[in-house]
Amino acid sequence: MGNLLLTRLISAALVVVGVVCLVFFLIHLVPGDPVEVMLGESARPADREALRTALGLNQPLAAQLMHYFSGLLRLDLGESLHSQRPIIDILAERLPATLELAALSLLLAVALALPLGILAALHKDRGWDVGAMSFSLLGVSIPNFWMGPMLILLFSLWLGWTPVSGRDAAGSFILPTITLGTALAAILARMVRSSLLEVLSEDYIRTARAKGLSMGAVVWQHALPNAWLPVVTLLGLQLGALLGGAVITETVFSWPGIGSLLVESIQKRDYPVVQACVLVISLIYVLVNTLTDLVYAWIDPRIRLGADQ
Amino acid sequence: MRIYLPAGILLLWCLMALFGPLLPLEPNRIDLPHILNGPGVGQWLGADDLGRSVLDRLVMGARTSFTVALGVVCISSLIGILAGAFAAYVGGMVDLLLVRVIDIFLAFPGILLAIALAGVMGPGVDNVIIALSVVGWVGYARLARAQVLSLKYRDHVTAAIALGTGHLRIVVRHLLPLMAAPLIIEATFGVASIVIAEAGLSFLGLGVQPPEASWGSMIRDGTRYMLVAPHLVLAPGIAILLVVLAVNLLGDYLRDWLDVRGATEQKSW
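Cut-offs used in this document
Residues numbered from 1 in each chain as written. Chains lettered and ligands numbered in written order. Predicted model: local features only at pLDDT ≥ 70, side-chain atom pairs only at ≥ 80, totals over all residues. Heavy atoms only, no water. Helix = DSSP H or I, 4+ residues; strand = E, 2+ residues; numbered from the N terminus. Buried < 20%, exposed > 50% of the residue type's maximum accessible area, 1.4 Å probe, protein only. Contact = heavy atoms within 4.5 Å. Areas by Shrake-Rupley, 256 points an atom, 1.4 Å probe, with all protein chains shown as cover. Lys, Arg positive; Asp, Glu negative; His and termini not counted. Charge placed at Lys NZ, Arg CZ, Asp CG, Glu CD. Phe/Tyr/Trp six-rings, centres within 6.5 Å; stacked < 30°, edge-to-face > 60°. Salt bridge = Lys/Arg side-chain N within 4 Å of Asp/Glu carboxyl O. Buried area = accessible area lost by both parts, 1.4 Å probe. Polar contact = N/O pair within 3.5 Å; in protein donor to acceptor, adjacent residues only side chain to side chain. Axes fitted to C-alpha atoms, helices over the stretch in contact; angles between N-to-C directions. Parallel < 35°, antiparallel > 145°, perpendicular 65-115°, else oblique. Left-handed = near helix turned anticlockwise from the far one by under 90°. Nonpolar A, V, L, I, M, F, W, Y, C, P; charged D, E, K, R; others polar.

### Description of the overall build of chain A
Regarding its fold elements, chain A presents 13 helices and 0 strands. Expressed as a percentage of its 309 residues, the buried residues of chain A come to 49%. Restricting the contact set of chain A to residue pairs at least 6 apart, pairs at least 24 apart contribute 71%. Accessible area of chain A: about 14,500 Å², with a carbon and sulfur share of 66%. Computed over 19 positive and 22 negative side-chain charges, the inter-centroid distance for chain A is 8 Å.

Spelled out as structure tokens, the structure:
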């Protein structure tokens, strides 16, 4: 387990360095002169020069990269061009909303996917299965930028049950959570079903049934613990889709998180903030995936014990 | 039987995209007396906030999503398959390097990198295709690499090497045909995610620019009039849903038919 931990941490660190480099180069993809694009053509030359110096764009590329890295180590992400505030403060304001939305959506997805997947596997090719898999297919096919407005139309505008947008009113989290959680629930339900079906066809399940255990006991005690592993891996990987989807969902519902900050900053051409948003979301994703890998190893004794040999 | 309906929807999508410009459509004709008209005779899907025909714009949007899907699948599969197959075939440091690069690209959640790239490079169909290809090649590279790794020690490859066959010929003639099935399925599901991603970028204002139409930008513009003219949001949304559903059903069908198990997971962007 110790070796595994070390290997995973080293590889995660390498990925983080790569991610930072890629995010750093984002600003160099701005067509033409980034300073002119950010300030507009009418900006005074002195202002342009000031921004160029502030962003370090007049230094050699390697020096810029070093400067970016050293800033990161001091948690200094620079200042927003628009509000002149330190970016780290803006992120700190926005991050809780995104984490809240992601956590609630994850919870909803698991709460929906587990029963659906289990029922579908136990009733393969019958009513429950067809129903659950139709839900799953529909869930991955509905884009959240359409589902969001449709939910707003139905529940906020027509029925008046929930707030239209924002985060302040009571119950404002309901529609964004449903919008973001459904697609993940759909994918997870599929995975739970196929993973459980595979386990249910094993010999030890037949043995457990043969010795007189009820189907419920077989599923809970013998099948599910073995069906977890692929589901946990998928959950970690799909969290990326969840964080990516949060960008659009937050924009639809004016949810004040990092995703909507990213879109606002793109519109304002506040590229340092764009860089920071992409960086923070990706770092969270890398962190969660590394943790998932370790949890996976911890759940599975074959990996946990095998790594030390 | 189960394949006819999705195949029909996809055929319609392709035909609208390919032959849309030949039809007598006026997607950009502003008709102020008919602003926000509901569906009716003559204007089957109603009119938008400038009185433009929603049906005509839907056909034009099909062209946008089809162009982007075709472009991204071609570019990203070509780059991904070449990189993955080459790295796995050569092995050693090259392979190690590719794995690291893939890891770094996979560290960006789904559409996030595409949004950032499209946002920084500026709006337009070209940039959408570039942004989605930068994100999309990784899946093909990973798959092609895994396939070549499992195939390169097969007897027929050893025999080809013994006969003095060139490396390029071995990869193209003796390895690629065996890898085709999982790659075709990856590409099929890829189309579904690209259609959603393109519409998503256009929804955020990062895709095609007005007056060009995209299903995503139609939804964005329609949300402002949702209460009085829900058809503005319903029509493009149902169009996306139908195409994506059809592609996913086709992918499932192909997976069963080609008997590829767990080769790819659907991505939700």
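### Brief notes about the packing of aromatic side chains
This structure, assessed with the given rule, holds 6 aromatic pairs over all chains. Pairing Phe155(A) with Trp161(A) gives two aromatic rings, centres 5.9 Å apart and planes at 35°, and the pair type is tilted. A relative accessible area of 63% means that Trp161(A) is categorised as exposed. Judged by centre distance (5.2 Å) and plane angle (80°), the rings of Trp13(B) and Phe66(B) are edge-to-face. Within this pair, whereas Trp13(B) is found in helix H1 (residues 4-19), its partner Phe66(B) is found in helix H2 (residues 54-90), the two being separated by 53 residues in sequence. The two residues Trp13(B) and Phe66(B) agree in class, both being buried. An aromatic cluster is defined as three or more aromatic residues linked by ring pairs; in this entry it consists of Phe24(A), Phe25(A) and Tyr68(A).

### Let's talk about the pattern of salt bridges
Residue and element names in this part refer to chain A. A full pass over the atoms with the stated rule returns 20 salt bridges over all chains. Two residues, Arg-74 and Asp-76, come together in a salt bridge whose shortest N-O distance is 3.9 Å. Overall, the relative accessible area of 39% leaves Asp-76 in the partly exposed class. With its nearest N and O atoms 2.6 Å apart, the salt bridge here joins Glu-100 to Arg-167. Within this pair, whereas Glu-100 is found in helix H5 (residues 87-122), its partner Arg-167 is found in the loop between helix H7 (144-158) and helix H8 (174-200), the two being separated by 67 residues in sequence. Arg-167 gets classed as partly exposed once you look at its relative accessible area, which sits at 31%.

### Some thoughts on unusual backbone geometry
Note: most peptide bonds trans; most residues except glycine with negative phi. With omega at 5°, the peptide bond leading from Pro210(B) into Pro211(B) counts as cis. Mapped onto the secondary structure, Pro211(B) falls in the loop between helix H7 (167-203) and helix H8 (215-223). Phi angles above zero are rare outside glycine, and Leu75(A) is one such case at about 55°. Structurally, the position occupied by Leu75(A) is in the loop between helix H4 (61-73) and H5. We classify Leu75(A) as exposed; its relative accessible area is 60%. Positioned with a positive phi, Ser254(A) is a non-glycine residue whose angle comes to about 45°. Here Ser254(A) is to be found in the loop between helix H10 (215-252) and helix H11 (258-268).

### Quick look at the interface of chain B and chain A
With 44 residues of chain B at the interface, the matching set in chain A holds 51 residues. Roughly 4,100 Å² of surface becomes buried between chain B and chain A when both sides are summed, with 79% attributable to carbon and sulfur atoms. Where Asp252(B) meets Arg190(A), a salt bridge forms, and the shortest distance between an N and an O atom there is 2.9 Å. In this structure, the connection of chain B to chain A is made through 3 residue pairs in polar contact (both at pLDDT 80 or more). Among the elements of the structure, helix H3 (92-106), helix H4 (110-121), H7, H8 and helix H9 (231-258) of chain B are those that each provide at least two residues to the side of chain B that touches chain A. Per element, the largest residue contribution to the side of chain B that touches chain A is 12 residues, and it comes from H9(B).

### Some points on the packing of helix H1 (residues 2-26) of chain A against H4(A)
In a pair of packed helices, the angle between the axes and the distance between the axes together describe the arrangement. Residues and elements named next belong to chain A. At a minimum axis distance of 11 Å, the contact between H1 and H4 shows a crossing angle of 120°. In terms of orientation, H1 and H4 fall into the oblique class. The two elements H1 and H4 cross, and the hand of that crossing is right-handed. Mapping the contact onto sequence places Val-17, Val-20, Cys-21, Val-23, Phe-24 and Phe-25 in H1 and Leu-61, Gln-64, Leu-65, Tyr-68, Phe-69 and Leu-72 in H4. Here the contact of H1 with H4 is built from residues that sort into 11 nonpolar, 1 polar and no charged.

### Description of the packing of helix H6 (residues 127-141) of chain A against H8(A)
Residue and element names in this part refer to chain A. At a closest axis distance of 8 Å, the pairing of H6 and H8 adopts a crossing angle of 140°. Classified by the interaxial angle, the pair formed by H6 and H8 is oblique. Handedness of the crossing formed by H6 with H8: left-handed. On H8, the residues touching Asp-129, Met-133, Phe-135, Ser-136, Leu-137, Gly-139 and Val-140 of H6 are Thr-182, Ala-183, Ala-185, Ala-186, Ile-187, Ala-189, Arg-190 and Arg-193. Of the residues that constitute the contact of H6 with H8, the class distribution is 9 nonpolar, 3 polar and 3 charged.

### Some words on the environment of His222(A)
Residue and element names in this part refer to chain A. Structurally, the position occupied by His-222 is in helix H10. In this structure His-222 comes out as partly exposed when scored by relative accessible area, which is 23%. In the structure, His-222 is positioned 14 residues away from Ala-208 in sequence and 8.1 Å away in space, judged by C-alpha atoms. Sequence-distant contacts of His-222, that is, excluding residues within four places in its chain, are made with Val-199, Tyr-204, Ile-205, Ala-208, Leu-213 and Ala-217.

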